[in-house]
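The chain contents come next:
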Amino acid sequence: MTREEKFMQEAVALSLQGMMKDEGGPFGCIIVKDDTIIGRGNNKVICNQDPTAHAEITAIRDACNTLGTYQLEGCEIYTSCEPCPMCLGAIYWARPKVVYYANSRKDAAGIGFDDSMIYEEMKVDIADRKIPVIALSNREALKVFQQWATKENKNVY
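Now for a quick tour of the structure. Note that the structure is a prediction, hence the values are computed from the model and not measured.

**Structural notes on the pattern of salt bridges**
Tallied over the full model, the rule gives six salt bridges. For the salt bridge of R3 with E4, the shortest nitrogen-to-oxygen distance reads 3.3 Å. For the salt bridge of K143 with E140, the shortest nitrogen-to-oxygen distance reads 3.2 Å. Within this pair, K143 and its partner E140 are both found in helix α7 (residues 139–150), separated by three residues, close to a single helical turn. Because the salt bridges share partners, they merge into one network encompassing R3, E4, D35 and E76.

Quick look at the structure:
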């Protein structure tokens, strides 16, 4: 068994544990740096009453807390299922070096976790989306952006 397969077994074990505790769906994730697990997460949507508490998000939060940083450079993510659109966005923001997954998004859709509408919705013009997304005046908000642009001691990420 390869090291990647061993780490994936850890992620899959988390998916089973969370499911059996009724914390959320059957999804688990670990984050590894230098062959050490630094972050763990399973889906906690139900127990946390939080639609963003997916396995990858909880693992990213745990790993960032462990490392004391907001990015995961040099880290590997092992997730029991191909990341959903939200988790994929968070993964890109976290900047790991690689993501390994086991089940595919089609496998997830087969058990009732179908994200195809979200993938499709992201391609649709903002005016034609299923949930109305309406722009209001940005006059005040733009002033804050302008202040950020000229802020001298900002931490660019």
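Having seen the model, we can carry on.
**Description of α7**
Taking 1.5 Å per residue as the helical rise, α7 with its twelve residues ought to reach 16 Å, and the 17 Å between its terminal C-alpha atoms agrees with that figure. Among the twelve residues that make up α7, zero are buried, leaving the element largely open to the surroundings.

**Description of the packing of aromatic side chains**
With the rule as written, the count across this model stands at four aromatic pairs. Taking the centre distance of 4.9 Å and the plane angle of 90° together, the rings of F27 and F113 count as edge-to-face. Here F27 is found in the loop between α1 (3–20) and β1 (28–33), whereas its partner F113 is found in the loop between α5 (105–110) and α6 (116–121), with 86 residues between them in sequence. Measuring from ring centre to ring centre gives 5.6 Å for Y70 and Y157, while their planes differ by 65°; the resulting arrangement is edge-to-face. Pair noted here: Y70 is in the loop between α3 (55–67) and β3 (76–81) and Y157 is in the segment after α7, with a separation of 87 residues, a long-range link. Judged by its relative accessible area of 55%, Y157 falls in the exposed class. Members of the aromatic cluster, each reached through a chain of ring pairs, are F7, Y78 and Y100. One cation-aromatic arrangement involves R105 over Y119; the distance from NZ or CZ to the ring centre is 3.9 Å.

What counts as what
Residues numbered from 1 in each chain as written. Predicted model: local features only at pLDDT ≥ 70, side-chain atom pairs only at ≥ 80, totals over all residues. Heavy atoms only, no water. Salt bridge = Lys/Arg side-chain N within 4 Å of Asp/Glu carboxyl O. Helix = DSSP H or I, 4+ residues; strand = E, 2+ residues; numbered from the N terminus. Expected span 1.5 Å × (residues − 1). Buried < 20%, exposed > 50% of the residue type's maximum accessible area, 1.4 Å probe, protein only. Phe/Tyr/Trp six-rings, centres within 6.5 Å; stacked < 30°, edge-to-face > 60°. Lys NZ or Arg CZ within 6 Å of the ring centre and 35° of its normal.

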